[in-house]
Amino acid sequence: FGLSQEVSARLMTVLAEMVDQRLTKIGMAEALTNMAKQGLVSGVSKFTGKDSYEVGDITRAVRKIQNDSLAAKTKSSSKRLDLSSNELLTLAALDPQTKGS
């Protein structure tokens, strides 16, 4: 009877240690998950410029960046030169394509 009690006690100790280890791992996993979630939320908030997330915020932020970039390119490529008539004639005279016409 003494041996079965020792085996039973040892088995209970091993099982208790296993449960403690698993709960510790789960707790660590939860802590890591929470840290990852917090980092993700912080990154999304910085990217979108919003304090809270709504579905579509990231897509809207990307589209805004693309539109702003396109607008900047369009603005820089469509700079207008305000030239006087004399300046236009001078430029036309310097243009090899208009020579001889």
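Everything numeric here is computed off the predicted structure, so don't read it as measured data.

*Asks:* So what exactly am I meant to see when it comes to a nonpolar patch on the surface here?
*Replies:* A cluster of nonpolar side chains, Phe47, Tyr53, Val55, Ile58, Val62 and Ile65, forms an exposed patch at the surface whose accessible area comes to about 580 Å². The biggest single contributor to the nonpolar patch is helix H2 (residues 57-77), with 3 residues. Here Val55 lies in the loop between helix H1 (2-48) and H2. When its relative accessible area of 75% is taken as the criterion, Val55 is described as exposed.

*Asks:* It is not clear to me how the confidence of the model for the protein chain should be interpreted in this structure. Could you clarify?
*Replies:* The share of residues in the protein chain with pLDDT of 70 or more is 72%, and the mean pLDDT across the chain is 77. Across the protein chain, the element-wise mean pLDDT spans from 66 in helix H3 (residues 85-94) up to 83 in H1.

*Asks:* Got a minute to help me understand the pattern of salt bridges in this structure?
*Replies:* Working definition: two side chains of opposite charge can pair if their charged atoms are close together. Counting across every chain of the model gives 4 salt bridges. A salt bridge links Asp57 to Lys50, with the nearest nitrogen and oxygen atoms 3.0 Å apart. When its relative accessible area of 3% is taken as the criterion, Asp57 is described as buried. The partly exposed category is assigned to Lys50, whose relative accessible area is 29%. Put simply, Asp57 and Arg60 hold a salt bridge, and the shortest N to O gap is 2.7 Å. Taken together, the residues Asp57 and Arg60, both in helix H2 and 3 residues apart, mark about one turn of the helix. What you see here is one network of salt bridges that share partners, running through Lys50, Glu54, Asp57 and Arg60.

Definitions and cut-offs
Residues numbered from 1 in each chain as written. Predicted model: local features only at pLDDT ≥ 70, side-chain atom pairs only at ≥ 80, totals over all residues. Heavy atoms only, no water. Patch = residues over 30% accessible without salt bridge, like charges linked within 9 Å, V, L, I, M, F, W, Y side chains within 5 Å. Areas by Shrake-Rupley, 256 points an atom, 1.4 Å probe, with all protein chains shown as cover. Salt bridge = Lys/Arg side-chain N within 4 Å of Asp/Glu carboxyl O. Helix = DSSP H or I, 4+ residues; strand = E, 2+ residues; numbered from the N terminus. Buried < 20%, exposed > 50% of the residue type's maximum accessible area, 1.4 Å probe, protein only. pLDDT = per-residue confidence, 0-100.

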